[in-house]
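Here is what each chain is made of, one letter per residue.
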Amino acid sequence: QVQFVESGGGLVQPGGSLRLSCSVSANNFEIHQMGWYRQVPGKQRELVALIIDAAGNTNYADSVKGRFTISEHSAKNTVYLAMNSLKPEDTAVYYCNALITIPGIGQHDYWGQGTQVTVSS
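This text gives an overview of the structure that appears in the document.

Only one face of strand E11 (residues 115-119) is buried: it carries Thr115, Val117 and Val119, and the other face, with Gln116 and Thr118, is open. In the sheet, strand E2 (residues 10-12) pairs with E11 via three bridges, with the strands oriented parallel. Across the sheet, residue leucine 11 finds its bridge partner in E11, namely threonine 118. Alignment of strand E9 (residues 92-102) against E11, held across three bridges, turns out to be antiparallel. What sits directly across from valine 93, in E11, is glutamine 116.

What follows is the structure, encoded as structure tokens:
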């Protein structure tokens, strides 16, 4: 069973900053990718930022490039999202995502419970 612990969401004024954190745990597992997606009501979940390989290469949505930074602490199976210059359109539920292989189960996408980010004055 894969468990996520997400934190760092909240209410912030436009132009402000937040830092999201996500830690993943399971028995005898291997993480291939970790990142963040977001979703607003009535819209599809969209990629925000992703660490795509062991070298730390990243992929960002165009809308967040230059404002958001994804980083990881691989030994702790933790990924962070530093969000700066936040805009009202960044308001969404942010979901942590991990592509994980577990022996006997295979490789699957797993999701955290989500954390609300609200950007409003």
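And the narrative resumes.
Looking now at the state of the cysteines. Counted by the stated rule, this structure contains one disulfide. Put simply, cysteine 22 and cysteine 96 are joined by a disulfide, and their sulfur atoms are 2.0 Å apart. Residues cysteine 22 and cysteine 96 share a disulfide whose torsion about the S-S bond is about -85°; that sign makes it left-handed. Of this pair, cysteine 22 sits in strand E3 (residues 18-25) while cysteine 96 sits in strand E9, placing them 74 residues apart in sequence. Of the two residues examined, cysteine 22 and cysteine 96, each falls in the buried class.

Looking now at the packing of aromatic side chains. By convention here, two paired aromatic rings are described through the distance between centres and the angle between planes. Overall, the coordinates contain one aromatic pair when judged by the stated rule. Look at tyrosine 37 and tryptophan 111: their rings are 5.0 Å apart centre to centre, the planes differ by 70°, and that puts the pair in the edge-to-face class. On the criterion of sequence distance, the pair formed by tyrosine 37 in strand E4 (residues 30-39) and tryptophan 111 in strand E10 (residues 106-111) is long-range, its members being 74 residues apart. Arginine 19 extends its terminal NZ or CZ atom over the ring of tyrosine 80, reaching a point 4.1 Å from the ring centre. One Lys or Arg, arginine 45, reaches over the ring of tyrosine 95 and ends 3.7 Å from the middle of that ring.

Most peptide bonds take the trans configuration, and most residues that are not glycine carry a negative phi. Phi is positive for asparagine 28, close to 55°, though the residue is something other than glycine. Taking relative accessible area as the criterion, asparagine 28 reaches 61% and is therefore assigned exposed. Its identity is not glycine, yet serine 85 carries a phi of approximately 50°, on the positive side. Residue position: serine 85 is located in the loop between strand E8 (78-83) and E9. Serine 85 sits in the partly exposed class, given a relative accessible area of 43%.

Cut-off values and rules
Residues numbered from 1 in each chain as written. Predicted model: local features only at pLDDT ≥ 70, side-chain atom pairs only at ≥ 80, totals over all residues. Heavy atoms only, no water. Buried < 20%, exposed > 50% of the residue type's maximum accessible area, 1.4 Å probe, protein only. Helix = DSSP H or I, 4+ residues; strand = E, 2+ residues; numbered from the N terminus. Pairing = 2+ DSSP bridges. Disulfide = S-S within 2.5 Å. Phe/Tyr/Trp six-rings, centres within 6.5 Å; stacked < 30°, edge-to-face > 60°. Lys NZ or Arg CZ within 6 Å of the ring centre and 35° of its normal.

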